[in-house]
There are 2 protein chains.
Amino acid sequence: MTTRVARVGSLVLGGGNPVVVQTMTNTDTRDVSATLAQIKSCAALGAEIVRVAVPDRAAALALKEIAAESPVPVVADVHFQASLAVESLKNGAKGARINPGNIGGPEKIRSVAEAAGKAGAVLRVGVNMGSLDKEMLAKYGRTPRAMAESALKEVGLVLETGFSNLKVSLKASSVQDTVAAARLFHELSDIPQHLGVTEAGDLIAGVAKSAVALGVLLNEGIGDTVRVSLTGPPEDEVLAAYAILRAAGKRMRGVEFISCPTCGRCEIDLLALLKEVEGRISDIKEPIKVAVMGCRVNGPGEAADADLGIAGGKNKGTLFVKGKKIKDLPYSALAAELERRAREVARETRLEAEKTRE
Amino acid sequence: MTTRVARVGSLVLGGGNPVVVQTMTNTDTRDVSATLAQIKSCAALGAEIVRVAVPDRAAALALKEIAAESPVPVVADVHFQASLAVESLKNGAKGARINPGNIGGPEKIRSVAEAAGKAGAVLRVGVNMGSLDKEMLAKYGRTPRAMAESALKEVGLVLETGFSNLKVSLKASSVQDTVAAARLFHELSDIPQHLGVTEAGDLIAGVAKSAVALGVLLNEGIGDTVRVSLTGPPEDEVLAAYAILRAAGKRMRGVEFISCPTCGRCEIDLLALLKEVEGRISDIKEPIKVAVMGCRVNGPGEAADADLGIAGGKNKGTLFVKGKKIKDLPYSALAAELERRAREVARETRLEAEKTRE
């Protein structure tokens, strides 16, 4: 079924809106400048909601300045203490992630819901396989069914207060459990879902697990907002999220790089060239496709669906546009010329999009 | 439909056998010792077939020593020149990847098929979106349909020779095209499929694209062998392939690491600790689940489905088994104790598996 919408400040998600990309800071929230710097660098890469840990009162207080300066809505991550959620919401958080089952009973839930209502904020009901509702755990064991039923029960606890601006997350470290739980909840409720695999591991394992889970679910029309959890910088989480959404055909934002796995035919340091090009044009927001290929013979043809690209070779390289070779250039001038042309293509894409909108 | 089997030397794939993991060297194939070193390090991580580029006769000759010393079947990657495929197969390659449409006509195809037959080798018919059959390109455009029909036509060219030990690959740099082409071919033919997204990009984009494509296809029962193409070391391709297969519930091999995204509550350098643990136990082949968590309070519970794990904290850490805290240890002794216990668990897992097999 189509989910209902939820509002995170002025951001609307669910109900068929574009899938929203989230991440979470790993700074000490009380360190306002470090936290803000990380929020801003993630927002520049496309993060649309950023969550911060609020383990104590000082962190909730720091939110005042953080939320005021943040270019995107900030959500407070709170465990056990309803008062920290209330304080965060008063200080500008546009959402709080809570576990209604462990926050201290109906009165506490009501106090958080009231604060969220006043703030125009969302509440995320977060259920993890590691923190299941005791009744559901006893009834269903450590299973996806127990996760979905826990989420439904805890959503019910909030709805009883009359507050309904909600989203839920059902996270497990197992991909198969995550997928099964999300499907079950999707059958049971129209509350929008935040998708993610928790404790996913290092870069390779984390991206792989998240991409399989999100790929399968998004392909089935499940998922309104996503986070790719990685043990690493949150900026990587944002890049990975867009790579997954792009792969799933859900959102096209920024440069899609096409580059060949280097093989025995490759005569240049392709990874270094790719990194240089990425450094130059990763700030482009328009959805363009740029190829960086190792081989002047096969590269242009193999990357014919790229908007433009370069293919390296001994001493010189080739610039190509839509598979057609445009000119040869000395190796040292290749990346700069690609950047110039990519910005042109991005500008045309932007103008085209603006024209369509008018 | 269930695919038929194909034989790569003594390795059997297709027909419901476990999905086989491949990679490709990026060394100069003529450099025998560098190529062999890379093959061995990939094989140690679980690569079961390794492809090498054969761009000239010297590379085909080098295969003699490479194939003899390689712990896994070696496949020659050949473009245009049938004679290089024949030479490679004579020199010990257990497979050749060719594009029958551009290798020089029926006689050339017959010569390659004969050499493959004598060698007990497989032929991979490789179709890329960038190298479509001209007739199919004219008829269907640059579409997944054109890829599937090209593959079917080129498979037919080989089958006409009487040789049928085949697999196919249909690769595009677009995930959606890759998925659509694989589905179409799967409806048309029972030839086993090698899955991969070509020119997938850097680590994050490459793993994300491959995982979405393979996740969706494997979930539908499509795919007999896989490669994760990355612009980077082939060892990463192998690690990523297993991470994807594990996430898709297809193959469990080696350590699955569970680790939390560091948040504002984390008091240790979790990424460094994770890397140390990975360095110590990544060689373990048995499918065990090891958690490396940042927080002694929530870590053990959140990672309760891990076989064992450690959770860091200021100065000391905690060792836990199946969610239960076993003991506290000074931070410096944590990784070593985890390694010792992980090897014990791996050993028990191995003995258990051997017992079941008897």
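On a predicted model such as this, the values are computed, not experimentally measured, just so you know.

Visitor: I'd like a rundown of the pattern of salt bridges, residues and numbers included.
Guide: All names here are of chain A. Taken as a whole and assessed by the stated rule, the structure comprises 56 salt bridges over all chains. Across the pair Arg 57 and Glu 87 runs a salt bridge, and its minimum N-O distance is 3.6 Å. Separated by 30 residues along the polypeptide, Arg 57 in helix 2 (residues 57–69) and Glu 87 in helix 3 (residues 82–90) bring together distant segments of the chain. Of the charged contacts in the structure, one is a salt bridge between Glu 337 and Arg 340, with a shortest N-O distance of 3.1 Å. With a gap of three residues between them, Glu 337 and Arg 340 both fall in helix 12 (residues 334–357), about one helical turn apart. The exposure class of Glu 337 is buried, given its relative accessible area of 12%. Given a relative accessible area of 45%, Arg 340 falls into the partly exposed group. Through salt bridges with shared partners, a single network forms among Glu 276, Arg 280, Asp 283, Glu 339 and Arg 343.

Visitor: Any details on the relation of the copies chain B and chain A? Residues and values, ideally.
Guide: Mapping chain B onto chain A is achieved by rotating through 180° and translating by 0.0 Å along the same axis, at an RMSD of 0.0 Å. The transformation relating the two chain copies, once decomposed into turn and shift, fits a two-fold axis.

Visitor: Run through the sheet that holds strand 9 (residues 193–195) of chain A, naming residues and quoting values.
Guide: All names here are of chain A. The sheet built from eight strands closes into a barrel, its strands ordered 3-4-5-6-7-8-9-10 with parallel pairing. In this structure, strand 4 (residues 49–53) lies alongside strand 5 (residues 74–77), joined through four bridges in parallel fashion. By the bridge assignment for strand 5, Arg 51 is matched with Val 75.

Visitor: Go over the sheet that holds strand 15 (residues 324–330) of chain B with me, naming the residues and quoting the values.
Guide: Residues and elements named next belong to chain B. Spatial strand order, 11-12-13-14-15: five strands in an open sheet with mixed pairing. Each edge of the open sheet is held by one strand with a lone partner, namely strand 11 (256–259) and strand 15. For this sheet the average axis-to-axis angle between neighbouring strands, irrespective of direction, equals 20°. Where strand 12 (residues 289–293) lies against strand 13 (residues 308–311), four bridges are found, and the strand directions are parallel. Directly across from Val 290, in strand 13, lies its bridge partner Leu 308.

Visitor: Give me the lowdown on the interface of chain B and chain A, citing residues and values where you can.
Guide: Facing the 67 residues of chain B at the interface are 67 residues of chain A. Here chain B meets chain A over a buried area of about 5100 Å², counting both sides, of which 58% is carbon and sulfur. Taken together, chain B and chain A are joined by four salt bridges. Between B:Glu256 and A:Lys209 there is a salt bridge, with its nearest N and O atoms 2.9 Å apart. Counting every contact that joins chain B to chain A gives nine residue pairs in polar contact (both at pLDDT 80 or more). Going through the elements one at a time, helix 7 (175–188), helix 8 (203–219), helix 9 (234–247), strand 11, helix 10 (270–281), strand 12 and helix 11 (299–302) of chain B are the ones with two or more residues in the side of chain B that touches chain A. By residue class, the composition of the side of chain B that touches chain A is 31 nonpolar, 19 polar and 17 charged.

Visitor: Just give me the short version of helix 6 (residues 144–159) of chain B, but keep the residues and values in it.
Guide: Residue and element names in this part refer to chain B. For helix 6, with 16 residues, the first-to-last C-alpha span of 22 Å sits near the 22 Å given by 1.5 Å per residue. Among all positions in helix 6, only Pro 144, Ala 146, Met 147, Ala 148, Glu 149, Ser 150, Ala 151, Glu 154, Val 155 and Val 158 are buried. Against the buried residues of helix 6 lie helix 4 (106–119), strand 7 (122–128), helix 5 (134–140), strand 8 (166–171) and helix 7.

Visitor: Can you break down the packing of aromatic side chains residue by residue, with the values?
Guide: Overall, the coordinates contain zero aromatic pairs over all chains when judged by the stated rule. The residue whose ring lies beneath B:Arg253 is B:Tyr242, and the NZ or CZ to ring-centre distance is 5.5 Å.

Visitor: Hey, could you go over the packing of helix 1 (residues 32–44) of chain B against helix 2 (residues 57–69) of chain B for me, with residue numbers and the actual values?
Guide: Residues and elements named next belong to chain B. For the pair helix 1 and helix 2, interaxial distance at closest approach is 10 Å and the crossing angle is 30°. When the axes of helix 1 and helix 2 are compared, the pair comes out roughly parallel. Relative to helix 2, the crossing made by helix 1 is right-handed. Of helix 2, the residues touching helix 1 (which contributes Val 32, Thr 35, Leu 36, Ile 39 and Lys 40) are Ala 62, Glu 65, Ile 66 and Glu 69. The class makeup of the residues in the contact of helix 1 with helix 2 is five nonpolar, one polar and three charged.

Visitor: Please provide a residue-by-residue account of the pairing of strand 4 of chain A, values included.
Guide: Successive side chains on a regular strand alternate, one facing one side of the sheet and the next facing the other. Residue and element names in this part refer to chain A. Counting buried positions over the five residues of strand 4 gives five, a clear majority of the element. Burial of the side chains of strand 4 extends over both faces: Ile 49, Arg 51 and Ala 53 are buried on one face and Val 50 and Val 52 on the other. Alignment of strand 3 (residues 20–24) against strand 4, held across three bridges, turns out to be parallel. Across the sheet, residue Thr 23 finds its bridge partner in strand 4, namely Val 50. This β-α-β element, strand 3 to helix 1 (residues 32–44) to strand 4, shows right-handed connectivity. Traced from strand 4 through helix 2 to strand 5, the parallel crossover comes out right-handed.

Visitor: Let's hear about the packing of helix 7 (residues 175–188) of chain A against helix 8 (residues 203–219) of chain A: which residues, and what values?
Guide: Residues and elements named next belong to chain A. It is at 9 Å that the axes of helix 7 and helix 8 come closest, and there the two elements cross at 25°. Considered as vectors, helix 7 and helix 8 are oriented roughly parallel to each other. Judged by the twist between their axes, the crossing of helix 7 over helix 8 is right-handed. Along its contact with helix 7, which presents Val 175, Thr 178, Val 179, Ala 182 and Arg 183, the element helix 8 presents Lys 209, Val 212, Ala 213, Val 216 and Leu 217. Of the residues contributing to the contact of helix 7 with helix 8, the split by class is seven nonpolar, one polar and two charged.

What counts and what doesn't
Residues numbered from 1 in each chain as written. Chains lettered and ligands numbered in written order. Predicted model: local features only at pLDDT ≥ 70, side-chain atom pairs only at ≥ 80, totals over all residues. Heavy atoms only, no water. Salt bridge = Lys/Arg side-chain N within 4 Å of Asp/Glu carboxyl O. Helix = DSSP H or I, 4+ residues; strand = E, 2+ residues; numbered from the N terminus. Buried < 20%, exposed > 50% of the residue type's maximum accessible area, 1.4 Å probe, protein only. Least-squares fit on C-alpha atoms with pLDDT ≥ 70 in both. Pairing = 2+ DSSP bridges. Axes fitted to C-alpha atoms, helices over the stretch in contact; angles between N-to-C directions. Contact = heavy atoms within 4.5 Å. Buried area = accessible area lost by both parts, 1.4 Å probe. Polar contact = N/O pair within 3.5 Å; in protein donor to acceptor, adjacent residues only side chain to side chain. Nonpolar A, V, L, I, M, F, W, Y, C, P; charged D, E, K, R; others polar. Expected span 1.5 Å × (residues − 1). Phe/Tyr/Trp six-rings, centres within 6.5 Å; stacked < 30°, edge-to-face > 60°. Lys NZ or Arg CZ within 6 Å of the ring centre and 35° of its normal. Parallel < 35°, antiparallel > 145°, perpendicular 65-115°, else oblique. Left-handed = near helix turned anticlockwise from the far one by under 90°. Right-handed = clockwise from strand over helix to strand, strands pointing away.

Any functional reading would require information beyond the geometric quantities listed.
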